[in-house]
Amino acid sequence: QPHLIIDTDPGVDDALALLMAHAHGHVHALTIAAGNVGLAHTVRNALTLMDVIGADTPVHPGCPVPLVQTPSEDAALVHGADGFGDVGFADPKRTAENESAALALIRLSHAHPEATLVALGPLTNVALAVRLDPSLPSRIGRFVIMGGAVNGHGNTMSTPAEFNIGFDPEAAHVVFEAFPAFELVDWEATVRHAFDGATFDRWLEQGDERAKFYAQIGATSRAWNARRGRTGVIAADALAMAVALDPALVQRAETHPVMVEMNGARTRGMTVVDWEARLDRPANARIVFDVDMARFEALVARALGVPDAA
Ligand code: BDR
Ligand code: CA
């Protein structure tokens, strides 16, 4: 089983990724970012989900705001005001750790250099960690990031940026400069790997209590997508987690220099790819284009407790 350290802002699709991680991997800790909704909600959601799974994975609260910019846009419209579909769950049984996310990331990198770091939210905590300890990247075995939109088809309201990068562009810049090699699962790959709506509904019906929970928290985002004319089910963080759990399911990827635009009036927070190697920049990002959809679906269905999933 792959060993994982996960930075996340749960969030509905984060929850699916976390179900997959606990079903198919060994999770050392969750470090929690603000993003989809505020930090108090994302921490609480992580703890709620650990109750559902029956996992005692430590949950480390992170930085509540972006490094520089004032938070302007969250994703409460999609994920619900509380980030988990406004279902109204009882208080979680456990509490969060005292150690903050950035410090936990540094400590865990020493204890588990074999682990894969998976970032499913804005990169604020990872940026803080690498600023505190610039040697951090040398102790991260693999690093998979859900973020960016390599051809400019992002998903935020105000710019063409993708949400995780647009929420904290300075943090993303720090991370993209500091880590010599990471795998990037962008929003465009996510859209190409949507699940068929009817298939997903069948998983939710046939699965165990994890599927019931996911059906509850996911209703708001399903409705949001339906209003936008999407019939498929998009789960960005689940795709990134699939790549983290099973690197062999990647069918097409290219490695290029990827940078973060911080200054543009209309392009702030966008990812910029040097496709033709014109700039003298290190090729830091392995951009994932295509994965084996059947293997991805099997990882998800099994994590929802669907019997006999391939
Ligand atoms: C990313 O933004 C969030 O809304 C999702 O959880 C995902 O991490 C997609 O752009
Ligand atoms: Ca997320």
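Rules and cut-offs
- Residues numbered from 1 in each chain as written.
- Chains lettered and ligands numbered in written order.
- Predicted model: local features only at pLDDT ≥ 70, side-chain atom pairs only at ≥ 80, totals over all residues.
- Near = placed C-beta within 6 Å.
- Nonpolar A, V, L, I, M, F, W, Y, C, P; charged D, E, K, R; others polar.
- Pairing = 2+ DSSP bridges.
- Helix = DSSP H or I, 4+ residues; strand = E, 2+ residues; numbered from the N terminus.
- Axes fitted to C-alpha atoms, helices over the stretch in contact; angles between N-to-C directions.
- Buried ≥ 20, exposed ≤ 12 C-beta atoms within 10 Å, placed from the backbone.
- Right-handed = clockwise from strand over helix to strand, strands pointing away.
- Contact = placed C-beta atoms within 7 Å.
- Expected span 1.5 Å × (residues − 1).
- Bend = angle between axes of the 7 residues up to and from the residue.
- Parallel < 35°, antiparallel > 145°, perpendicular 65-115°, else oblique.
- UniProt positions renumbered as here; feature names shortened; annotations may be inferred.
- pLDDT = per-residue confidence, 0-100.

Comments concerning the site of ligand 1
Alright, step 1. Around ligand 1, a shell composed of 15 residues is seen, among which G11, A75, F163, A236 and D237 lie nearest.
Alright, step 2. By residue class, the composition of the shell around ligand 1 is six nonpolar, five polar and four charged.

Concerning the sheet that holds strand β5 (residues 142-146)
Alright, step 1. Pairing is mixed across the open sheet formed by eight strands, whose spatial order is β3-β2-β1-β4-β5-β6-β10-β7. Strands at the two margins of the open sheet, each flanked by one partner only, are β3 (59-61) and β7 (250-256). Here the strands of the sheet are splayed against their neighbours by 25° on average, with no regard to which way each runs.
Alright, step 2. In the sheet, strand β4 (residues 116-119) pairs with β5 via four bridges, with the strands oriented parallel.

Regarding the pairing of strand β2 (residues 26-32)
Alright, step 1. Across the seven residues that make up β2, a large majority, five, are buried.
Alright, step 2. Strand direction decides the pairing type here: strand β1 (residues 3-8) and β2, joined by six bridges, are parallel. What sits directly across from I6, in β2, is L30.
Alright, step 3. A crossover links β1 with its parallel partner β2, the connecting element being helix α1 (residues 12-24), and its sense is right-handed.
Alright, step 4. Pairing analysis gives three bridges linking β2 to β3, with the strands arranged parallel. In the sheet register, L30 faces β3, and the bridge partner there is V59.

Section: helix α7 (residues 169-178)
Alright, step 1. Burial analysis of α7 places seven of its ten residues in the buried class, the great majority of the element.
Alright, step 2. Among the residues of α7, those classed as buried are P169, A171, A172, H173, V174, V175 and F176.
Alright, step 3. For α7, the elements touching its buried residues are α5 (124-132), α6 (163-167) and β8 (258-260).

A word on helix α10 (residues 209-227)
The periodicity of an α-helix, 3.6 residues per turn, causes residues three or four positions apart to be oriented the same way.
Alright, step 1. Look at α10: 27 Å from first C-alpha to last across 19 residues, which is about the 27 Å you get at 1.5 Å a residue.
Alright, step 2. The largest bend in α10 amounts to roughly 50° and is located at G218.
Alright, step 3. Of all the residues in α10, the buried ones are R210, A211, F213, Y214, I217, G218, T220 and S221.
Alright, step 4. Taken together, the buried residues of α10 touch α1, α2 (39-53), α3 (76-79), α9 (197-206) and α12 (293-303).
Alright, step 5. Immediately beyond the C-terminal end of α10, within one or two residues, lies G229, with a positive phi of roughly 80°.

Considering the packing of helix α11 (residues 236-245) against α12
Alright, step 1. At a minimum axis distance of 10 Å, the contact between α11 and α12 shows a crossing angle of 100°. By the angle between their directions, the pair α11 and α12 is classed as roughly perpendicular. For the pair α11 and α12, contact is made by A238, L239, A242 and L245 and by F296, L299 and V300, respectively.
Alright, step 2. Of the residues contributing to the contact of α11 with α12, the split by class is seven nonpolar, no polar and no charged.

Examining the UniProt feature "domain: Inosine/uridine-preferring nucleoside hydrolase" (unreviewed entry) in the chain
Alright, step 1. According to UniProt, the feature "domain: Inosine/uridine-preferring nucleoside hydrolase" (unreviewed entry) maps to residues 4-297 in the numbering used here.
Alright, step 2. Taken end to end, residues 4-297 is 40% helix and 16% strand, and its two terminal C-alpha atoms sit 20 Å from one another.

Brief notes about the environment of I5
Alright, step 1. Tracing the backbone shows I5 in strand β1.
Alright, step 2. You can call I5 buried: it has 24 C-beta atoms within 10 Å.
Alright, step 3. Once the C-alpha coordinates of I5 and L105 are considered, the two residues, 100 residues apart in sequence, prove to be 8.0 Å apart.
Alright, step 4. Excluding its chain neighbours within four sequence positions, the residues that come into contact with I5 are H28, A29, L105, L108, H112, A115 and L117.

Focus on the confidence of the model for the chain
Low pLDDT means the predicted coordinates in that region are not meant to be read closely.
Alright, step 1. Here the chain shows a mean pLDDT of 96. Residues at 70 or above account for 100%.
Alright, step 2. No element of the chain has a lower mean pLDDT than α3, which averages 87, and none a higher one than β3, which averages 99.
Alright, step 3. The complex model carries a pTM of 0.98, and its ipTM stands at 0.99.

Focus on the environment of E254
Alright, step 1. Position of E254 among the secondary structure elements: in strand β7.
Alright, step 2. Judged by local crowding, E254 falls into the partly exposed class, with 13 C-beta atoms found within 10 Å.
Alright, step 3. Each C-alpha atom of the pair E254 and R94 lies 42 Å from the other, and the pair is 160 residues apart in sequence.

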